[in-house]
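# Architecture and fold: a report
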Amino acid sequence: SSGINAEYGQINLSNMENILDVPNWLRTTDYKGKVGLTVKIHVDPAKVAEFETLTKEHLSTTLSEPGVLHFRVNRDYNRDSGVFWFVEEWESPAALLTHLNTTWFRDSYVPRSKELCVAPSLRALYLITSA
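Residues numbered from 1 in each chain as written. Predicted model: local features only at pLDDT ≥ 70, side-chain atom pairs only at ≥ 80, totals over all residues. Heavy atoms only, no water.

Right, let's talk about the pattern of salt bridges for a bit. In total, this model carries 3 salt bridges according to the counting rule given. In this structure, R112 engages E57 in a salt bridge whose closest nitrogen and oxygen atoms are separated by 3.1 Å. Here R112, found in helix α4 (residues 103-114), pairs with E57, found in helix α2 (residues 48-62); they are 55 residues apart in sequence, far enough to count as distant. Overall, R112 belongs to the partly exposed group, its relative accessible area being 34%. Residue R106 pairs with D107 through a salt bridge whose shortest N-O separation is 3.4 Å. (Salt bridge = Lys/Arg side-chain N within 4 Å of Asp/Glu carboxyl O. Helix = DSSP H or I, 4+ residues; strand = E, 2+ residues; numbered from the N terminus. Buried < 20%, exposed > 50% of the residue type's maximum accessible area, 1.4 Å probe, protein only.)

Next comes the structure, spelled out in structure tokens:
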């Protein structure tokens, strides 16, 4: 654990139809500090191996992007559930917005991952308020 304190609940993304429905806050904020994003993804248990392959590609691509501070994908403790947790930290809202607008994320990762999921993902976006 990095000991990072975060103010959870600052921005609620759970009502977004999909991850590409970026909250207006990311586009309009003057906040320049770090932000975190946690995403819970429900993968079809029969498609976990395919999702893990896609995720490795996603990790290697995302970790080379400017502004990413931390990007980890974790399997849920209930390995039979097909649940994965993406835990991300970005230098700024602008860095996260840039990531969400990359061709790779928008046109490759999102459509491919949607085919593997059985439920909408849940997301939390938050300000990272201390180091």
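This brings us to the packing of α2 against α4. Following both chains from N to C, one finds α2 and α4 inclined at 165 degrees, their axes separated by 10 Å at the closest point. The angle between the axes of α2 and α4 places the two elements in the roughly antiparallel class. Regarding α2 and α4, the two cross each other, and that crossing is left-handed. Two secondary-structure elements touch here, α2 through F51, L54, E57, H58 and T61 and α4 through W104, F105, Y109, R112 and S113. Class assignment for the residues of the contact of α2 with α4 results in 5 nonpolar, 3 polar and 2 charged. (Axes fitted to C-alpha atoms, helices over the stretch in contact; angles between N-to-C directions. Parallel < 35°, antiparallel > 145°, perpendicular 65-115°, else oblique. Left-handed = near helix turned anticlockwise from the far one by under 90°. Contact = heavy atoms within 4.5 Å. Nonpolar A, V, L, I, M, F, W, Y, C, P; charged D, E, K, R; others polar.)

In a regular helix each residue adds 1.5 Å, so 12 residues correspond to 16 Å; α4 covers 16 Å between its end C-alpha atoms and thus fits that length. W104, F105, S108, Y109, V110 and S113 are the residues of α4 that are buried. Summarising the contacts, the buried residues of α4 are in contact with β2 (35-43), α2, β4 (83-90), α3 (93-100) and β5 (117-128). (Expected span 1.5 Å × (residues − 1).)

With that out of the way, let us pick up the side chain of T38. Secondary-structure assignment places T38 in strand β2. Of the residues examined, T38 reaches a relative accessible area of 17% and is grouped as buried. A distance of 2.7 Å separates a polar atom in the side chain of T38 from a polar atom in the side chain of Y126. The contact partners of T38, leaving out residues within four places of it in the chain, are W85, F86, V87, L122, R123, A124 and Y126. (Polar contact = N/O pair within 3.5 Å; in protein donor to acceptor, adjacent residues only side chain to side chain.)

Quick look at the side chain of H99 now. Looking at the element boundaries, H99 is found in helix α3. If we ignore the near neighbours within four places in the chain, the residues touching H99 are H58, T62, E65, E88, W90 and F105.

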